Amino acid sequence: VAKHASIGLVFSVAKFSEFVVSLVLAEELQNIDTKYLMVLSSVGVGGTLVLFGFVGHVAEWMPFLVLSYSIRIAQGVFSIANYIPMYVIMATALKENLAFANGSMRAFIGFGYAFGPFLGGGLYDAVGFTLTFVIGGALVFSSAAVVAVALPPIHAENSEVASKPTSALVALRVFLVPWAWIALLTLFGSNFVLGALETTVPLFFLRSFQTSTIVSGLTFFFFGVVYGSLAPLIGWAVDRDVLNLRLLQIVGVVACGVACQLIGPAKYFRWPKSLALSILTMILFGAGTAATIALGYVDLTRVLDDRGLGTPMEIRFAIAGSARAVLALGYASGPVVGSVIVAATNFQTGLAIIGAFFLAFAAVVTACCLISYLAARMAAKSAPSQRPESEKLYHSDKLESEQSD
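Parameters at a glance
Residues numbered from 1 in each chain as written. Predicted model: local features only at pLDDT ≥ 70, side-chain atom pairs only at ≥ 80, totals over all residues. Heavy atoms only, no water. Helix = DSSP H or I, 4+ residues; strand = E, 2+ residues; numbered from the N terminus. Buried < 20%, exposed > 50% of the residue type's maximum accessible area, 1.4 Å probe, protein only. Contact = heavy atoms within 4.5 Å. Disulfide = S-S within 2.5 Å. Expected span 1.5 Å × (residues − 1). Bend = angle between axes of the 7 residues up to and from the residue. Core = buried A, V, L, I, M, F, W, Y, C linked by side-chain atoms within 4.5 Å. Salt bridge = Lys/Arg side-chain N within 4 Å of Asp/Glu carboxyl O. Phe/Tyr/Trp six-rings, centres within 6.5 Å; stacked < 30°, edge-to-face > 60°. Axes fitted to C-alpha atoms, helices over the stretch in contact; angles between N-to-C directions. Parallel < 35°, antiparallel > 145°, perpendicular 65-115°, else oblique. Left-handed = near helix turned anticlockwise from the far one by under 90°. Nonpolar A, V, L, I, M, F, W, Y, C, P; charged D, E, K, R; others polar.

A look at the overall build of the chain
- From N to C terminus, the chain includes 14 helices and zero strands.
- Shown N-terminal to C-terminal, the secondary structure of the chain runs as helices and strands in the order α-α-α-α-α-α-α-α-α-α-α-α-α-α.
- Counting the 405 residues in the chain, one finds 47% classified as buried.
- Pairs at least 24 residues apart make up 84% of the contacts formed inside the chain by residues separated by at least 6 positions.

In structure tokens:
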């Protein structure tokens, strides 16, 4: 169990560093030139990928872990420095279609899940561990070059941003807003399950269905395609009020919880293990993740815009920092907890336990949304009986003029 936890930490330690950095440095990043920050952070991510490719040459277990953790922590810091300004640019340029814009960005992440493991498995079989990461690092270096050439200089939106001193831990203000917890917990839960599945599902496929590493890489192909395809469509529908945001979040959370029950499947179903069922479950999980993660940012934005926590730029950095923090915490804890539970029980029982907690969380989200809906209905019913003072004065003046006539 201890060895499983150590391996799980190699996957999740970068996310733990993202969690800390997102909370502490989110707003401070706006004091750095955005274009320079994105180029530098992309180079950093590519460099850590190349370095990680050589970790396999370390024979001793403890030096291997220390080196792996150090590289992954650095990778997490560079990832945050790249992601937060990227989200702020998107939210600034496309604020009228924020759900669609965020869904489109998540689409690229989804397609990365679709083709990344598949291509990674193929590269591993063809050229080995080290060259696989060197090639990945080279691709990230090329993206840094594209940003350096194509992205125009980006200046502060107004003088208020440049002149006003920022404070550390500004993203923590988001956690003080009651209804922001719905969006934050949804983001956390979705990425927790995603991290647990990413660590345990490929090994389950290898052991249960005797698949090759390429086929195991296809595990997340179907998830990524559905996630990447649905996220922008759901965002477009929410921007135009075709679909209700909170209802979609509840459906997404339930879909993720049911997927954990079926991928094994859980033993109380008494169904045999099936590759087809596992693939269909990953498709269901992709749809649920598209609804939860893609809409979580939008829900946060709508809640915080009504609270007046700061300037628009400060709010964007606070949203990017707090949302990325809970995503990172979920993705960091998911591989560790998932690996330990699966090692202590088995894949079917372990994922069923995680799914049960997620369904319980869905019930909490549903209750919160129901309370919010009932409170809004009660406020709407009482609103007509309370005329504004200006309206009372208008009717009073009109009555006096009619009496004088």
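Focus: the environment of Trp-236
- Mapped onto the elements, Trp-236 comes out in helix 9 (residues 219-239).
- Note on Trp-236: relative accessible area 40%, which makes it partly exposed.
- Spatially, the C-alpha atoms of Trp-236 and Ser-104 are 9.4 Å apart, while their sequence positions differ by 132 residues.

Observations regarding the state of the cysteines
- Applying the stated rule across the entire model yields zero disulfides.
- With no disulfide partner, Cys-256 has as its closest neighbouring cysteine sulfur the one in Cys-260, 7.3 Å distant.
- Under the relative-accessibility criterion, Cys-256 is labelled buried at 0%.

Observations concerning helix 9
- The end-to-end C-alpha distance of helix 9 is 31 Å, a good match for the 30 Å that 21 residues give at a rise of 1.5 Å each.
- Its axis deflected by about 25° at Leu-230, helix 9 carries its strongest bend there, up to four residues before the proline Pro-232.
- Directly after helix 9, the chain includes Asp-241, whose backbone phi takes a positive value near 60°.

Some thoughts on the nonpolar core
- In this structure, Tyr-87, Val-193, Leu-197, Phe-220, Phe-223, Phe-285 and Leu-300 are the most contacted members of the largest nonpolar core, which totals 78 residues.
- A per-element tally of this core places helix 7 (residues 180-209) first, with 14 residues.
- In contact with Phe-223, not counting residues within four places along its chain, are Tyr-113, Leu-194, Met-282, Phe-285, Gly-286 and Thr-289.
- Listed in part, the eight residues of the second largest apolar core include Phe-52, Phe-64, Tyr-69 and Ile-71.

A few points about unusual backbone geometry
- Omega for the peptide link from Gly-264 to Pro-265 comes to -10°, which places this bond in the cis form.
- Within the secondary structure, Pro-265 is located in the loop between helix 10 (245-262) and helix 11 (275-305).
- Phi at Arg-270 is positive, roughly 55°, even though this residue is not glycine.
- When you line up the elements, Arg-270 lands in the loop between helix 10 and helix 11.
- Overall, Arg-270 belongs to the exposed group, its relative accessible area being 77%.

Overview of the pattern of salt bridges
- Throughout the structure, instances matching the rule amount to one salt bridge.
- Across the salt bridge formed by Glu-18 and Arg-324, the nearest N and O atoms sit 3.2 Å from each other. Of the two residues, Glu-18 sits in helix 1 (residues 2-25) while Arg-324 sits in helix 12 (residues 312-344), which places them 306 residues apart along the sequence. By the burial criterion, Glu-18 is buried, and Arg-324 matches it.

Quick look at the packing of aromatic side chains
- Evaluated as defined, the whole model comprises 12 aromatic pairs.
- Between Phe-52 and Phe-129, the ring centres sit 6.3 Å apart and the planes meet at 50°, which makes this aromatic pair tilted. With Phe-52 in helix 2 (residues 34-52) and Phe-129 in helix 5 (residues 129-150), this residue pair connects regions lying 77 residues apart in the sequence.
- Taking the relative accessible area as the measure of exposure, Phe-52 reaches 13% and is therefore buried.
- You can call Phe-129 partly exposed: its relative accessible area is 33%.

Digging into the packing of helix 2 against helix 3 (residues 61-93)
- Where helix 2 meets helix 3, the closest approach of the two axes is 8 Å, and the angle between their N-to-C directions is 150°. By the angle class used here, helix 2 and helix 3 are roughly antiparallel. Seen from above, helix 2 lies across helix 3 with left-handed handedness. Touching Thr-34, Leu-37, Met-38, Ser-41, Ser-42, Gly-44, Val-45, Thr-48, Leu-49, Leu-51 and Phe-52 of helix 2 are Ser-68, Ile-71, Arg-72, Ala-74, Gln-75, Phe-78, Ser-79, Ala-81, Asn-82, Pro-85, Met-86 and Ile-89, all from helix 3.
- Considered class by class, the residues forming the contact of helix 2 with helix 3 number 13 nonpolar, nine polar and one charged.

From the geometry alone we can't say anything about function, so treat these as descriptive.
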